[in-house]
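Residues per chain, in single letters:
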Amino acid sequence: HVTFCVWPLFLSPTLSSVVALGANIICNKIPGLAPRQRAICQSRPDAIIVIGEGAQMGINECQYQFRFGRWNCSALGEKTVFGQELRVGSREAAFTYAITAAGVAHAVTAACSQGNLSNCGCDREKQGYYNQAEGWKWGGCSADVRYGIDFSRRFVDAREIKKNARRLMNLHNNEAGRKVLEERMKLECKCHGVSGSCTTKTCWTTLPKFREVGHLLKEKYNVAVQVEVVRASRLRQPTFLRIKQLRSYQKPMETDLVYIEKSPNYCEEDAATGSVGTQGRLCNRTSPGADGCDTMCCGRGYNTHQYTKVWQCNCKFHWCCFVKCNTCSERTEVFTCK
Ligand SMILES: *[C@@H]1O[C@H](CO)[C@@H](O)[C@H](O)[C@H]1NC(C)=O
Ligand SMILES: *[C@@H]1O[C@H](CO)[C@@H](O)[C@H](O)[C@H]1NC(C)=O
Ligand SMILES: *[C@@H]1O[C@H](CO)[C@@H](O)[C@H](O)[C@H]1NC(C)=O
């Protein structure tokens, strides 16, 4: 049985060895791909590596952003390229979709800029042209974020094969993640001319740090919008989403994260919601926040583990040439949820 752990194996070999291994074998072994994703994988084995890196970057960022929460980005259930999927259409699920869609777009765009992918490169519309209004010229390599976003749209969105409310929710959140990435693209410029005089200036666009995207999406998570599905067509299929509020007919904004179901409290392990629970999680006895033991452990109490921390201290440099240190130690405790 192949699990998520095999995925990083695909990241280490060079492209040629991946191609030599055969796209077929690899694409069939990656767990949880939808048919259309498998087809993209087979036609673009070079891109699949970058997609995997992008999805992993999204998962890592999710774990970083939620490191102090009861939900720490883990879930029970099937492991896929995109991590473990949450069964409940909660705001946590919304975050994971947005961050992985943005991660794939970011990774593909970065790989294009570095010439690592066939079919893409620097943004050709931002090369050599003069920006009359602002008096500078497009130069260098502008990141082709539209290519990355388009690729993410084709690949990530292809996993939504069921025609249900959750599909609309997932697609909206994927798009929100990509939109946040696109809005944070930066313009960098360089001056040319004798001794730094800016007689000519060239500029190019660059990707934001992924951490910045993670922070912004975390803020969007905090104010995520509950929506409900509107079944408009004759077949009464889910057609679009609107904000769930009395007498509201508003659609959510493009960059809103949206959810259709309330979150579980993530206190206990629960296969029905995919919650792994907080038993064994580290907590902070004095913190009033989400990482405080009362909140983290849901009132179950915590275990105290005492240990002695030992380190080198008061190091002095002696002429010549050695360093002499003392050994310091301190009793410390950590707390884990019961
Ligand atoms: C591009 O390829 C080089 C060499 O294989 C690698 O070191 C680099 O991380 C790649 N860049 C991206 C953005 O994938
Ligand atoms: C998240 O919490 C679970 C349950 O306590 C734990 O097993 C897992 O290692 C944690 N994951 C991370 C990334 O901290
Ligand atoms: C625990 O929380 C307190 C208050 O927020 C903070 O000052 C302290 O550094 C935290 N301790 C650890 C080990 O993170």
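First, a word on what this report is: a plain description of the structure on this page. These figures come from a predicted structure and were not determined experimentally. (Residues numbered from 1 in each chain as written. Chains lettered and ligands numbered in written order. Predicted model: local features only at pLDDT ≥ 70, side-chain atom pairs only at ≥ 80, totals over all residues. Heavy atoms only, no water.)

Description of the nonpolar core
With 39 residues, the main nonpolar core has Cys62, Trp71, Phe95, Met169, Val213, Leu217 and Leu257 as its most contacted residues. Considering every element that reaches this core, the biggest residue donor is helix H6 (residues 91-113), with 7 residues. Counting residues in each nonpolar core, the second largest holds 26 residues, with Ile26, Ala107, Leu117 and Tyr147 among its members. (Core = buried A, V, L, I, M, F, W, Y, C linked by side-chain atoms within 4.5 Å. Buried < 20%, exposed > 50% of the residue type's maximum accessible area, 1.4 Å probe, protein only. Helix = DSSP H or I, 4+ residues; strand = E, 2+ residues; numbered from the N terminus.)

Points about unusual backbone geometry
In this chain, Cys320 is followed by Cys321 through a cis amide linkage whose omega measures 20°. Assignment of secondary structure puts Cys321 in the loop between strand E13 (302-318) and strand E14 (322-337). Even without a glycine there, the phi angle at Cys73 is positive, about 85°. Relative to the elements of secondary structure, Cys73 occurs in the loop between helix H5 (45-65) and strand E1 (79-80). Here Cys73 falls in the buried class, since its relative accessible area comes to 13%. The backbone phi angle of Asn314 is positive, close to 50°, even though this residue is not glycine. Checked against the element boundaries, Asn314 lands in strand E13.

Re the packing of aromatic side chains
In this description, a pair of aromatic rings is defined by centroid distance and the angle of the planes. Applying the stated criterion across every chain yields a total of 9 aromatic pairs. With 4.9 Å between their ring centres and 70° between their planes, Phe66 and Trp71 make a pair best called edge-to-face. The class of Phe66 is buried, set by a relative accessible area of 5%. You can call Trp71 buried: its relative accessible area is 6%. Ring centres of Phe66 and Tyr221 lie 4.8 Å apart, and the angle between their planes is 85°; on these two criteria the pair is classed as edge-to-face. With Phe66 in the loop between H5 and E1 and Tyr221 in helix H9 (residues 210-222), the pair connects residues that are 155 residues apart, well separated along the chain. (Phe/Tyr/Trp six-rings, centres within 6.5 Å; stacked < 30°, edge-to-face > 60°.)

Some points on the side chain of His106
Tracing the backbone shows His106 in helix H6. The exposure class assigned to His106 is buried, which follows from its relative accessible area of 10%.

Comments concerning the sheet that holds strand E6 (residues 200-206)
Strand order in the open sheet formed by 4 strands is E3-E4-E6-E5, with mixed pairing between adjacent strands. For this open sheet the edge positions go to strand E3 (130-131) and strand E5 (186-192), each flanked by a neighbour on one side alone. Looking at chain direction, strand E4 (residues 136-138) and E6 are connected through 2 bridges and run parallel. The residue bridging Trp138 from the neighbouring strand is Cys203, located in E6. (Pairing = 2+ DSSP bridges.)

Re the pattern of salt bridges
Using the criterion set out here, one finds 17 salt bridges in the structure. Between Arg178 and Asp157 there is a salt bridge, with the nearest N and O atoms lying 2.9 Å from each other. With a gap of 21 residues between them, Arg178 in helix H8 (residues 165-183) and Asp157 in the loop between helix H7 (145-156) and H8 connect regions that are remote in the sequence. One exposure class covers both Arg178 and Asp157, and it is buried. The salt bridge partner of Glu212 is Arg184, with a shortest N-O separation of 3.0 Å. Of this pair, Glu212 sits in helix H9 while Arg184 sits in the loop between H8 and E5; the two residues are 28 residues apart in sequence, bridging distant segments of the chain. (Salt bridge = Lys/Arg side-chain N within 4 Å of Asp/Glu carboxyl O.)

Side note on empty space enclosed by the protein
The final tally for this structure, using the stated rule, is 1 cavity of 30 Å³ or more. When its volume is computed, the largest cavity comes out at roughly 50 Å³. Along the walls of the largest cavity sit Phe82, Gln84, Glu85, Leu86, Thr96, Tyr97, Thr100 and Arg159, which together make up its complete lining. Here the lining of the largest cavity gets 3 residues from one element, more than from any other, and that element is H6. (1 Å grid on protein atoms, 1.4 Å probe; cavity = no way out; pocket = protein on both sides within 12 Å on 5 of 7 lines; lining within 4 Å. Points joined across faces, edges and corners; volume = space filled by probe spheres on them.)

Focus: the site of ligand 3
As a matter of local geometry, ligand 3 sits amid Asn284, Thr286, Ser287 and Pro288. Asn284 has a polar side-chain atom sitting 2.3 Å from an oxygen atom of ligand 3. (Near = heavy atom within 4 Å. Polar contact = N/O pair within 3.5 Å; in protein donor to acceptor, adjacent residues only side chain to side chain.)

Here's the deal with the state of the cysteines
Taken as a whole and judged by the stated rule, the model has 12 disulfides. A sulfur-sulfur separation of 2.1 Å characterises the disulfide bridge that pairs Cys122 with Cys141. Between Cys122 and Cys141, the S-S torsion sits near -105°, and that sign places the bridge as left-handed. With Cys122 in the loop between H6 and E3 and Cys141 in the loop between E4 and H7, the pair connects residues that are 19 residues apart, well separated along the chain. (Disulfide = S-S within 2.5 Å.)

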